[in-house]
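Commentary on secondary and tertiary structure
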Amino acid sequence: MKSHYKNILSRPAEAIIHFSDVFSGNEQDFDAELTVILRNIGTLTDKTYFVGARASLAGYGAVLLNDLFRERFQILSFIKEEKRVSESTLFSILNSLPREGHDREKFPNGMDFHLAITAGGVCFFATPLETLSALETRNEIVALYRIPNEHIPFTDGTKEQFRSSIIASSRFCPEVMETIYEYATIEDILSAKQAGLHPQIIPEQSSEIEFAYADRFGNVRLSVRDGKALRNRLKTSASKEVRVIINDTEPINALYVRSLADVPVGQIGLYENVADASFPHRKACYWELVKKSDHCLLDDEMAFDLIKKRSSNVGKTTFQILCA
């Protein structure tokens, strides 16, 4: 491991944020909770969030945390208090691993954890690799390491059934980690991918549009693999009306607009997430599918409800967005 990344790992933990299938309870609106704490420069403490068996939900949490941490640093730099971030590290555990679907002969105690370090300086201990897909699709991971089960410090990783309870302690023993790749900058990642030299062991988003998240108000966030391509296609229509087709069912009619402010009350709107405009190294971005309502919590048919009526498994829902 290069000294630069050893230095990041050795800093005190500002907090450890867990996105995992081991916790009890329903899925929480962690987007809202983390956003208000980090953007308001509040005091961040360790957090635990249940994500069930959805590796993609843990992956959404990873992108959210990475982007918020970067924004937090920018705000602190503006008020000349950047040392509050630069002298510490934010850690996160991404853990969503059903026992089916992996090579049990090769990994009898579950897939190995990996450590991913992003350009924003956040360190993610992740299993399976699919939990890192959203970050990889957005070209955010500058360093990746494997932590073999048999080398997990402070426990026997070949027998320990609760590896996520101790995996972040591996940061104190970087010598056990096997380097897969290390880049100096995001530009180096892009160059390696373009030249076909990047070790593509983390799967990137394969579908054009996939479900990413729904908040407690029923607003939906969709991950679009190539935002510019979709944007250009929709601009070929003279109308702002679009059709959102979910699992080949009856389409949802929506207005393609700039923001929620442009959506009339009672109608469905589609617009690009404003925060993604600040990341020129990404093709992938998030789009919002929302219903504007005077009483979101009392309305029994928000955007997420419309999707659930058309799909029994929102995590594996197919989407098409077409000109009306």
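Now for a quick tour of the structure.

Basis of the calculations
Residues numbered from 1 in each chain as written. Predicted model: local features only at pLDDT ≥ 70, side-chain atom pairs only at ≥ 80, totals over all residues. Heavy atoms only, no water. Salt bridge = Lys/Arg side-chain N within 4 Å of Asp/Glu carboxyl O. Helix = DSSP H or I, 4+ residues; strand = E, 2+ residues; numbered from the N terminus. Buried < 20%, exposed > 50% of the residue type's maximum accessible area, 1.4 Å probe, protein only. Axes fitted to C-alpha atoms, helices over the stretch in contact; angles between N-to-C directions. Parallel < 35°, antiparallel > 145°, perpendicular 65-115°, else oblique. Left-handed = near helix turned anticlockwise from the far one by under 90°. Contact = heavy atoms within 4.5 Å. Nonpolar A, V, L, I, M, F, W, Y, C, P; charged D, E, K, R; others polar. Arc of directions from axis to C-beta.

Applying the stated rule across the entire model yields 18 salt bridges. For Asp-305, the salt bridge is made with Lys-308, and the minimal N-O distance between the two is 3.8 Å. With Asp-305 and Lys-308 both in helix H8 (residues 303-310) and three residues apart, the pair spans about one turn of that helix. The exposure class of Lys-308 is partly exposed, given its relative accessible area of 43%. The network of salt bridges with shared partners includes Asp-67, Arg-70, Glu-140 and Arg-282.

With their axes 9 Å apart at the nearest point, helix H2 (residues 30-39) and helix H3 (residues 55-78) run at an angle of 15 degrees to one another. The orientation of H2 relative to H3 falls into the category roughly parallel. Considering the relative orientation of H2 and H3, their crossing is right-handed. Between H2, through Phe-30, Asp-31, Leu-34, Thr-35, Ile-37, Leu-38 and Arg-39, and H3, the contact on the second element is made entirely by Leu-57, Tyr-60, Gly-61, Leu-64, Leu-65, Leu-68, Glu-71, Arg-72 and Ile-75. Residue composition of the contact of H2 with H3, by class: 10 nonpolar, two polar and four charged.

On to H8. All of the buried residues in H8 are Ala-303, Phe-304, Leu-306 and Ile-307. All buried residues of H8 fall inside an arc of 160 degrees around its axis, so they share one side.

With that out of the way, let us pick up unusual backbone geometry. Omega for the peptide link from Thr-127 to Pro-128 comes to -5 degrees, which places this bond in the cis form. If you trace the backbone, Pro-128 turns up in the loop between strand S5 (122-127) and helix H5 (133-137). Positive phi, close to 70 degrees, is recorded for Phe-154, a residue that is not glycine. Take Phe-154: it is sitting in the loop between strand S6 (141-147) and strand S7 (178-182). A relative accessible area of 58% places Phe-154 in the exposed class.

In short, the description is geometric, and any link to function would need to be established separately.
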